[in-house]
Amino acid sequence: MQTAETNKTTKKKRTLAMLLGGVVVVMFGFGYGLVPLYNVMCRLTRQNDIGVADQIKNTQVDLSRFVTVEFDTNTHNLPWQFKSLQTSVRVHPGEMSQAIFEVTNDRNYAVSGQAIASYGPSFVAQYFKKIECFCFTRQTLGPSETRRMPVVFVVDSELPKEVNTITLSYTFFEIEGGTTNAKKAEVKAVRRVEAG
Amino acid sequence: MAAVDHAHGHEHGHDGHGHHPTGLMRWVTTTNHKDIGSMYLWFSFAMFMVGGAMSLVIRAELFQPGLQVVSPAFYNQMITLHALIMVFGAIMPAFVGFANWMIPLQIGAPDMAFARMNNWSFWILPVAGSMLVGSMFVPGGASGTGWTLYPPLSIQMGMGMDMAIFGVHLLGMSSIMGSINIITTILNLRAPGMTLMKMPMFCWTWLITAYLLIAVMPVLAGAVTMLLTDRHFGTTFFDAAGGGDPVLFQHIFWFFGHPEVYIIALPAFGVISEVIPAFSRKPIFGYTSMVYAIASIAIISFFVWAHHMYTTGIPLTGQLYFMYATMLIAVPTGVKVFNWVATMWRGELTFETPMLFALGFLFLFTLGGFSGLVLSVTAVDIMLQDTYYVVAHFHYVMVAGAVFSAYAGAYYWLPKWTGHMYDETLGKAHFWLTLFFFNLTFFVQHFLGLAGMPRRIPDYALQFAEFNKLSSIGAFGLGLSQLLFLYVVIKCIKGGKKAEANVWGAPGLEWTVPSPAPYHTFEEPPVVK
């Protein structure tokens, strides 16, 4: 009787431990599951959509007012000369405009960079719609190459009335290991070919 | 009942000695919950000294503006190892030690459910501890990322980082095995009549903590595994150059990291919920609400992690949600604080050392809770992120919360463990010294933080010099005062006034067995009415 009781407890203990062990395995998987979940959240909240063209919903041009868009250019640890060919433009909200930027690689080897936009005041980011931008893709400049690149944009006519100046600032960052990634992609492609 | 148990204890004690190795092998091969509990506590104290020594290196460097004592790289290694060792090597094992010693005694079980696994979960710890400490001596030194191990820095560190990652893996395994053991013990081995709602509060806090550990430790293991594969096996979870996102690591880390805060705090609450009623000579006020408060703290703790990340650019709605959810945690925590105060109300209070530490906990932990509420406000936090205000806040909840509670528990149960009374005068001296130097060290850091002094930087602007000098003096005083505790414990083990079975006149099954508790207890389960 005593042993029967003990056996029953032992079995209960084992079952519970297995169950808890299962929870451990599931939670380890959940940690990895957070990776796609994070990407879905980023897509839903459009937090990381820096390289995607904006959709224009509001095509109404507000002729009653002007907005001054000022341009600012920076590089971060990158041997490039980067400037805007115009200091500022005056546009009507809703009107499509274009600005040209020029970048020169100072080195005698190819360098890759990625431009990141930021806005002053920062909340105008949601009203500043870029239809075409050199910041959507990484730029690789050959030795001593100079490139002129356009930004096509519309300032949404929903922009609050009190904003009359917007500063658009670009910073070019070097993409480290650009070559390594190219190599990685190559290796992957070769493997895919080999696999069938 | 006590007499019967006593007799049994002796019989089996003899039995046990017959086929037990002696000397060192006794400790290596032991499966006895009391032996393992003692080893956990000693290991924890040793790590507490190591981590404490590291914090003194930090405070020595910060004694004056400028760089005098160590290089900035070594300073970064010190802040990283100090935190990892204190959290995973000192505080958590201390409470697992209490759990091992006290849970079987409190629920009337003969031992932990899986005695051999218990031995394993302890002996992994010294290996993990030496990995962390040893990483200082490899080329490039230990990880210098801070305990949060944020990429991109953690992807660029040397092999010390890999040792930290493996150390974290081992510590996680140990905690998970310990937790499975604790849950199984509590759910299966309670004495007849001991229903869940009759369990001592310490067992309740550990039951819920063990569930938290099982849920979040694997997530941390996953996060550091991703770091490892990013470092060596070409994955790019966090490496932006390959399409990863370093902010993702922060989300995964804090999904673990915030419940971790309560993994540390809940057992501390449990000890306090034992000590305050004992020295108030009253049962705990609002037992049921205490249980529900613990459970709701545990559940809410899963949904507040991004309050550590207000400055990462999460959307405004996200910031607001995390702000309100964080404030919500203050409600069940407040319930607990009010219940402790209500327990003391009109009690016959006496102020022996355990009670002093419990009261110190109550005041200072609540203060740390309030600075936490200040930090939960997004707009304020953006100003205070990564300043010494945050350092002050979490040391109030970690040191004055967890460590004070561990001391309260240690003094409370020392007579049961050793069979002797500790030296009350020295115990009180230890408390007052610790209280004074703790506040000298950390209270001024609130002002430093509000004035804008950043954390994790070995140098600072001249206007911060006075407060930093005070803080460093406090830290050395605090460190030295802890040696007094070591002396008190050794003195108590060696001898002292003989302790009766129930020294404090407290309820609870652990006080029905003689002091010191025999090697085997409750082989015949007691009956609880």
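If you're wondering where the values come from, they're calculated on a predicted model, not measured in any experiment.

Caption draft 1: Layout of the overall build of chain A. When helices and strands are tallied, chain A shows 2 helices and 9 strands. With 196 residues in all, chain A has 37% of them scored as buried. For chain A, the exposed surface amounts to about 12,200 Å²; the carbon and sulfur share of it is 54%.

Caption draft 2: Up close: the packing of helix α9 (residues 246-280) of chain B against helix α12 (residues 353-376) of chain B. Residues and elements named next belong to chain B. Direction vectors running N to C along α9 and α12 enclose 125°, while the axes themselves pass 9 Å from each other. In this view, α9 runs oblique relative to α12, as classed from their interaxial angle. The way α9 lies across α12 gives a crossing that is left-handed. Listed contacts from α12 to A268, F269, I272, V275, I276, F279 and S280 of α9 are P354, M355, A358, F361, L362 and F365. Residue composition of the contact of α9 with α12, grouped by class: 12 nonpolar, 1 polar and no charged.

Caption draft 3: A look at the interface of chain A and chain B. Each partner contributes residues to the interface: chain A has 25 residues there, and chain B has 32 residues. Summing both sides of the interface, chain A and chain B together bury roughly 2,300 Å²; the carbon and sulfur share of this comes to 75%. Summed over the shared surface of chain A and chain B, the result is 0 salt bridges. Where chain A meets chain B, there are 2 residue pairs in polar contact (both at pLDDT 80 or more). Of the residues belonging to the side of chain A that touches chain B, the class tally is 12 nonpolar, 7 polar and 6 charged.

Caption draft 4: A look at unusual backbone geometry. With an omega of -10°, the peptide bond running from A:G120 to A:P121 counts as cis. Topologically, A:P121 is positioned in the loop between β5 (111-120) and β6 (128-132). Here the bond from B:S515 into B:P516 is cis, since omega is -5°, no more than 30 degrees from zero. Along the chain, the position of B:P516 falls in the segment after α16 (465-494). Notably, B:L149 is not glycine yet its phi reads approximately 55°, a positive angle. Turning to its location among the elements, B:L149 is positioned in the loop between α5 (115-134) and α6 (153-156).

Caption draft 5: Summary view of the packing of aromatic side chains. Here the structure, examined in full by the defined rule, presents 65 aromatic pairs over all chains. Ring geometry for B:Y422 and B:W504: centres 6.4 Å apart, planes at 40°, overall tilted. You can see B:Y422 sitting in the loop between α14 (388-418) and α15 (424-450) and its partner B:W504 sitting in the segment after α16, a full 82 residues away along the chain. For B:W504, a relative accessible area of 7% corresponds to the buried category. We note A:R90 situated over the ring of A:F66; from NZ or CZ to the ring centre the distance is 4.3 Å.

Caption draft 6: Molecular detail of a nonpolar patch on the surface. All names here are of chain B. On the surface, L367, F443, F447, L450, F467 and L470 cluster together to form a nonpolar patch covering roughly 510 Å² of accessible area. Of all the elements in the fold, those that place two or more residues in the nonpolar patch are α15 and α16. Residue contributions to the nonpolar patch peak at 3 residues, all from α15. When you line up the elements, F467 lands in helix α16. F467 gets classed as partly exposed once you look at its relative accessible area, which sits at 33%.

Caption draft 7: A look at helix α7 (residues 159-188) of chain B. Over its 30 residues, α7(B) runs 44 Å from end to end, which matches the ideal 44 Å to within 8%, given 1.5 Å per residue. Along α7(B), 25 of the 30 residues are buried, which leaves the element largely enclosed by surrounding structure.

Caption draft 8: Just the nonpolar core, in detail. Counting 186 residues, the largest nonpolar core has B:F88, B:W206 and B:W340 as the members making the most contacts within it. Top element by residues in this core is helix α4 (residues 72-107) of chain B. It accounts for 22 residues. Not counting residues within four places of it along the chain, the set of residues in contact with B:W206 comprises B:F95, B:V96, B:A99, B:I103, B:I182, B:L213 and B:P267. Formed by 32 residues, the second largest nonpolar core is a distinct cluster that contains A:W80, A:F101, A:F136 and A:L141.

Caption draft 9: The domain arrangement of chain A, seen in detail. For chain A, the domain assignment lists domain 1 (9-44) and domain 2 (67-180). The distance between the C-alpha centroids of domain 1 of chain A and domain 2 of chain A comes to 44 Å.

Caption draft 10: The environment of A:Y32, seen in detail. Tracing the backbone shows A:Y32 in helix α1 (residues 2-45). Setting aside its immediate chain neighbours within four residues, A:Y32 contacts B:G222, B:T225, B:M226 and B:F237.

Caption draft 11: Main features of the state of the cysteines. Residues and elements named next belong to chain A. The full count for this structure, using the stated rule, is 1 disulfide over all chains. Through a disulfide, C133 is tied to C135; the S-S separation comes to 2.3 Å. Residues C133 and C135 are joined by a disulfide whose S-S torsion is about 130°; by sign, that bridge is right-handed. Using a relative accessible area of 3% as the deciding quantity, one classes C133 as buried. Exposure remark for C135: the relative accessible area of 4% places this residue in the buried category. With no disulfide of its own, C42 has C135 as its nearest cysteine by sulfur position, at a separation of 18 Å.

Criteria and thresholds
- Residues numbered from 1 in each chain as written.
- Chains lettered and ligands numbered in written order.
- Predicted model: local features only at pLDDT ≥ 70, side-chain atom pairs only at ≥ 80, totals over all residues.
- Heavy atoms only, no water.
- Helix = DSSP H or I, 4+ residues; strand = E, 2+ residues; numbered from the N terminus.
- Buried < 20%, exposed > 50% of the residue type's maximum accessible area, 1.4 Å probe, protein only.
- Areas by Shrake-Rupley, 256 points an atom, 1.4 Å probe, with all protein chains shown as cover.
- Axes fitted to C-alpha atoms, helices over the stretch in contact; angles between N-to-C directions.
- Parallel < 35°, antiparallel > 145°, perpendicular 65-115°, else oblique.
- Left-handed = near helix turned anticlockwise from the far one by under 90°.
- Contact = heavy atoms within 4.5 Å.
- Nonpolar A, V, L, I, M, F, W, Y, C, P; charged D, E, K, R; others polar.
- Buried area = accessible area lost by both parts, 1.4 Å probe.
- Salt bridge = Lys/Arg side-chain N within 4 Å of Asp/Glu carboxyl O.
- Polar contact = N/O pair within 3.5 Å; in protein donor to acceptor, adjacent residues only side chain to side chain.
- Phe/Tyr/Trp six-rings, centres within 6.5 Å; stacked < 30°, edge-to-face > 60°.
- Lys NZ or Arg CZ within 6 Å of the ring centre and 35° of its normal.
- Patch = residues over 30% accessible without salt bridge, like charges linked within 9 Å, V, L, I, M, F, W, Y side chains within 5 Å.
- Expected span 1.5 Å × (residues − 1).
- Core = buried A, V, L, I, M, F, W, Y, C linked by side-chain atoms within 4.5 Å.
- Domains from an automatic or database assignment.
- Disulfide = S-S within 2.5 Å.

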